[in-house]
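# Structural overview for review
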Amino acid sequence: MTFHPEMRYEEGLHVSRRERRDEGEPFAFTPENRQRLEAIASHYPPEHRRSAVIPALYLVQDQQGYVTASAIRHVASVIGCTEAEVDDVVTYYAMFFRKPVGRYVIQVCRTLSCALRGAERVAAELKRALGVEVGQTDPTGTFTLMEMECLGACDRAPVVMVNNELWHECQSPDQVGAMLDGLREKGPAALTGCHLEVEKKRGPAGP
Amino acid sequence: MDPVLTSHIREPNGHTLEAYLRRGGYSGLRKALSLPPGEVIEMVKASGLRGRGGAGFPTGMKWQFVPKDSPKPKYLCCNADESEPGTFKDHVLMERNPHLLLEGCAIGCHAIGAKVAYIYIRGEFYHVQRVLEAAIEEARAAGFLGRDILGSGFDCEIYVHRGAGAYEAGEESALLESLEGKRAQPRIRPPFPAVVGLYGCPTAINNVETLCNVPLILTHGPEWFASLGPEKNGGPKLYCISGHVEKPGVYEASMHVTLRELIYGYAGGIRGGRALKAVITGGSSTPVILPGQIDAQASFDGLLKAGSMLGSAAIIVMDDTTCMVWLAENLLHFYRHESCGKCTPCREGTDWLLKILHRIEAGDGSMRDIDLLLSVSRNIGGKTLCPFGDAAIAPVVSTIQHFRHEYEAHVREGRCTCPAEWREMGNRGPGARA
Ligand SMILES: Cc1cc2nc3c(=O)[nH]c(=O)nc-3n(C[C@H](O)[C@H](O)[C@H](O)COP(=O)(O)O)c2cc1C
Ligand code: SF4
Ligand code: FES
């Protein structure tokens, strides 16, 4: 049985997503990062050092912002696995950047609970304010806009995450400009943080 | 029912070891270590505790499947991936009551004979990871973790492993792959993880909320635990309520509670006093149900009877302004993005579904497209390597089943037919809180 009418695989969807990797500067972990990696690797049996690939890639991002081909080679040699195995991980997980990113990567949750409370408009406002499309960095190199799937804080929708770590809750679409200005002026301190930090700041006012 | 899992979560500094000990913390571990492992498993079995990660599988039975005589090391993995859209209960537990989880992990390790537990936490929970790691340090310093715990001769270490943004890493065998440093793609079963799991060794995988219930069973006894809920649905349960309600949040109740009580009682009703249109009861992968069914008991068995599932107890509420085609499109965007790509029906099928939905939502669809959606869904359902495929089609099939007229209206009128203002409303609705 054939079920499809004429539908074409469009560009950008079913083409191979493998990109030519950015070679980047020659990469090696700083002694501190190398030490942190060894501390993490000690959590796993010595013959399963490969478990530390994800932590190693986070350290790469800490050190130089995104993952380059030379960083992948370095991680492979430090972990003791093949480059392809590291590349496999880098290309699979959403939180590894393969291109240079701005100082603040703004990651807007777009999944249902956030969308029901206006996440689409938050993203639209951000695009307008920054003059970029999702996945792009603004001309000043300060902000990169990304969309994420459910971040696990749907009661505080719409939720925005910054730089894979910092949270900003209940982002109303009208306040997008204020958030961007806050980040420009005060840095991460301008963000609300997650549940617990919000309550610490404001007292336990409801869930 | 008075909350037991979340009773102290709003106490300032309630997450510290000191506060936890004041509440009688770690007495469950003390009790467990005084018993042989088999008896701990028997207690968990007798309590009827069912897994809170989605499937509701009895925890005691899962632990029993871990072979006792295997010469290999054994592992306990705590599933803290919490990526099912609409779910945020484990988040609250780990952030506010981390020692409860650590105690549960240590008891689990003792029960199955493991010396190491890994908590696989999703990459987005960086701040939660720091809370957990601080709690592990506290517990180790106080002798609740590490070598020779409480003088019993039992050793146990807990490590937190941070993922990097992949929904599929929540599926148990994909979680193991990810923990081994690979792509989060499921394994073919059998063998099951209880026998061949992490690093090829016997492994038990449990959800955060499941493990948090274990210390309670040890301290208060299995009968107490079972008596909290309906038969076979015992214990306290956390419900995550989000969407168009006045007070979204995590609420603890016994599984006697109905969806109506949860939505109109705990969560304060629909925002702005609007009418309820549809409810998702257990995360995005469970079918949508109608307002007529909300008197169903929000238990594993109660929701099964109502034609849905308790899943991860993520209740997403939609008011009468919500477009059901848009809803399906939104969720299929999620599924297409998160499909791990290992098997064809899911990888290709979710892409086709999204494309067709996009076309209908944009007003370019035809009547044939509606049946096409069902046909593609039939070619995914039951034909995939892991339950992700069945999950992905649930929003499509259930919205067509209940709201076919909305799909048809989109096609007929060439546009989305929901009230234009509702998307504009954004977070300014009456339920919004800063
Ligand atoms: C696609 C998919 C995603 C899942 N995501 C999660 C998750 O994020 N958290 C979780 O605890 N269980 C998740 N599960 C369920 C786990 O596979 C597993 O059943 C559960 O962790 C077992 O723990 P329990 O017995 O304590 O419920 C998922 C399952 C599937 C098929
Ligand atoms: S059903 Fe989807 S997520 Fe599961 S193995 Fe197949 S491709 Fe991967
Ligand atoms: S849908 Fe946005 S955090 Fe869950």
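The shown structure was predicted, so the numbers you read here are calculated from the model rather than taken from an experiment.

About the cut-offs
- Residues numbered from 1 in each chain as written.
- Chains lettered and ligands numbered in written order.
- Predicted model: local features only at pLDDT ≥ 70, side-chain atom pairs only at ≥ 80, totals over all residues.
- Heavy atoms only, no water.
- Helix = DSSP H or I, 4+ residues; strand = E, 2+ residues; numbered from the N terminus.
- Buried < 20%, exposed > 50% of the residue type's maximum accessible area, 1.4 Å probe, protein only.
- Contact = heavy atoms within 4.5 Å.
- Areas by Shrake-Rupley, 256 points an atom, 1.4 Å probe, with all protein chains shown as cover.
- Axes fitted to C-alpha atoms, helices over the stretch in contact; angles between N-to-C directions.
- Parallel < 35°, antiparallel > 145°, perpendicular 65-115°, else oblique.
- Nonpolar A, V, L, I, M, F, W, Y, C, P; charged D, E, K, R; others polar.
- Salt bridge = Lys/Arg side-chain N within 4 Å of Asp/Glu carboxyl O.
- Pairing = 2+ DSSP bridges.
- Near = heavy atom within 4 Å.
- Polar contact = N/O pair within 3.5 Å; in protein donor to acceptor, adjacent residues only side chain to side chain.
- Domains from an automatic or database assignment.
- Buried area = accessible area lost by both parts, 1.4 Å probe.

## Describing the overall build of chain A
- A tally of helices and strands in chain A yields eight helices and four strands.
- When the helices and strands of chain A are read in sequence order from the N terminus, they spell out α-α-α-α-β-α-α-β-β-β-α-α.
- Taken over 207 residues, chain A has a buried fraction of 52%.
- Restricting to contacts in chain A with at least 6 residues of sequence separation, those with at least 24 account for 64%.
- Of the accessible surface of chain A, which amounts to about 9,600 Å², a share of 50% is contributed by carbon and sulfur atoms.

## Here we look at the environment of Leu183 of chain A
All names here are of chain A.
- As for its placement among the helices and strands, Leu183 is situated in helix 7 (residues 176-186).
- By relative accessible area, which is 0% here, Leu183 ends up buried.
- In this structure the C-alpha to C-alpha distance between Leu183 and Asp155, which are 28 residues apart in sequence, comes to 23 Å.
- Residues within four places of Leu183 in sequence aside, it is in contact with Tyr104, Ile106, Phe143, Val162, Pro188, Ala190 and Leu191.

## Notes on the packing of helix 15 (residues 367-378) of chain B against helix 16 (residues 388-413) of chain B
Residue and element names in this part refer to chain B.
- Packing of helix 15 against helix 16 leaves a shortest axis separation of 9 Å and a crossing angle of 175°. Judged on the interaxial angle alone, helix 16 and helix 15 are roughly antiparallel. Residues Met367, Ile370, Asp371, Leu373, Leu374 and Ser377 of helix 15 lie in contact with helix 16, whose contacting residues are Ile393, Val396, Val397, Ile400, Arg404, Tyr407, Glu408, Val411 and Arg412.
- Within the contact of helix 15 with helix 16, the residues separate by chemical class into 10 nonpolar, one polar and four charged.

## Some words on the pattern of salt bridges
- If you walk through the whole model with that rule in mind, you get 40 salt bridges over all chains.
- The salt bridge partner of Arg36 of chain A is Asp62 of chain A, with a shortest N-O separation of 3.6 Å. With a gap of 26 residues between them, Arg36 of chain A in helix 1 (residues 31-41) and Asp62 of chain A in helix 2 (residues 53-64) connect regions that are remote in the sequence.
- A salt bridge links Arg189 of chain B to Glu172 of chain B; the nearest nitrogen and oxygen atoms lie 4.0 Å apart. Of the two residues, Arg189 of chain B is situated in the loop between helix 8 (172-179) and strand 4 (203-207) and Glu172 of chain B in helix 8; the sequence distance between them amounts to 17 residues.

## Section: the sheet that holds strand 2 (residues 143-148) of chain A
All names here are of chain A.
- The mixed open sheet is built from four strands, whose spatial order is 2-1-3-4. Of all the strands in the sheet, the pair left with one neighbour each is strand 2 and strand 4 (166-168). Pairs of neighbouring strands in the sheet enclose a mean axial angle of 25°, with direction left out of account.
- As paired elements, strand 1 (residues 104-109) and strand 3 (residues 160-162) share three bridges and run antiparallel to each other. Its bridge partner being in strand 3, Gln107 is matched across the sheet by Met161.

## Looking at the site of ligand 1
All names here are of chain B.
- Of all residues adjacent to ligand 1, which total 19 residues, the nearest are Gly53, Lys62, Asn79, Asn207 and Thr210.
- Gly53 places a polar main-chain atom, nitrogen or oxygen, 2.7 Å from an oxygen atom of ligand 1.
- Within the side chain of Thr210, a nitrogen or oxygen atom sits 2.7 Å from an oxygen atom of ligand 1.
- Contact with the protein chains covers 90% of the free accessible surface of ligand 1, which is 610 Å².
- Per-element tally for the shell around ligand 1: the top contributor is strand 4, with three residues.
- Its residues assigned to classes, the shell around ligand 1 shows four nonpolar, eight polar and seven charged.

## Quick notes on the domain arrangement of chain A
- As far as domains go, chain A holds domain 1 (31-92) and domain 2 (104-202).
- On a C-alpha basis, the centres of domain 1 of chain A and domain 2 of chain A stand 28 Å from each other.

## Some thoughts on the sheet that holds strand 3 (residues 157-162) of chain B
Residue and element names in this part refer to chain B.
- The four strands lie next to each other as 3-2-1-4, forming an open sheet whose pairing is parallel. Both edges of this open sheet fall to strand 3 and strand 4, since each of them pairs with a single strand only. Strand-to-strand twist of the sheet, defined as the mean angle between neighbouring strand axes without regard to direction, takes the value 20°.
- In this structure, strand 1 (residues 75-80) lies alongside strand 2 (residues 116-121), joined through six bridges in parallel fashion. Within the sheet, the bridge partner assigned to Cys78 lies in strand 2 and is Ile119.
- Contacting strand 1, strand 2, strand 3 and strand 4, helix 6 (residues 98-112) crosses the sheet at an angle of about 150° to strand 1.

## Brief notes about the interface of chain A and chain B
- On the chain B side, the residues contacting the 67 residues of chain A number 81 residues.
- On the chain A side of the interface with chain B, the three residues burying the most area are Tyr92, Leu116 and Arg117 of chain A, jointly 13% of the side's total.
- For the pair chain A and chain B, the number of links is one salt bridge.
- Across the pair Asp88 of chain A and Arg183 of chain B runs a salt bridge whose closest N-O atoms are separated by 3.2 Å.
- Applying the counting criterion to the chain A and chain B interface returns 28 residue pairs in polar contact (both at pLDDT 80 or more).
- Of all elements in the fold, only helix 2, helix 4 (83-92), helix 5 (112-115), helix 6 (119-130) and helix 8 (195-202) of chain A reach the threshold of two or more residues within the side of chain A that touches chain B.
- The greatest single-element share of the side of chain A that touches chain B, amounting to five residues, is contributed by helix 8 of chain A.
- Here the residues of the side of chain A that touches chain B are counted per class, giving 36 nonpolar, 14 polar and 17 charged.

## As for unusual backbone geometry
- A cis amide bond links Ala157 of chain A with the next residue in sequence, Pro158 of chain A, at an omega value of -15°.
- Structurally, Pro158 of chain A is set in the loop between strand 2 and strand 3.
- Phi at Tyr26 of chain B takes a positive value of approximately 65°, unusual for a residue other than glycine.
- Structurally, Tyr26 of chain B is set in the loop between helix 1 (17-22) and helix 2 (27-33).
- Residue Asp148 of chain B is not a glycine yet carries a positive backbone phi of 45°.
- When you line up the elements, Asp148 of chain B lands in the loop between helix 7 (126-141) and strand 3.

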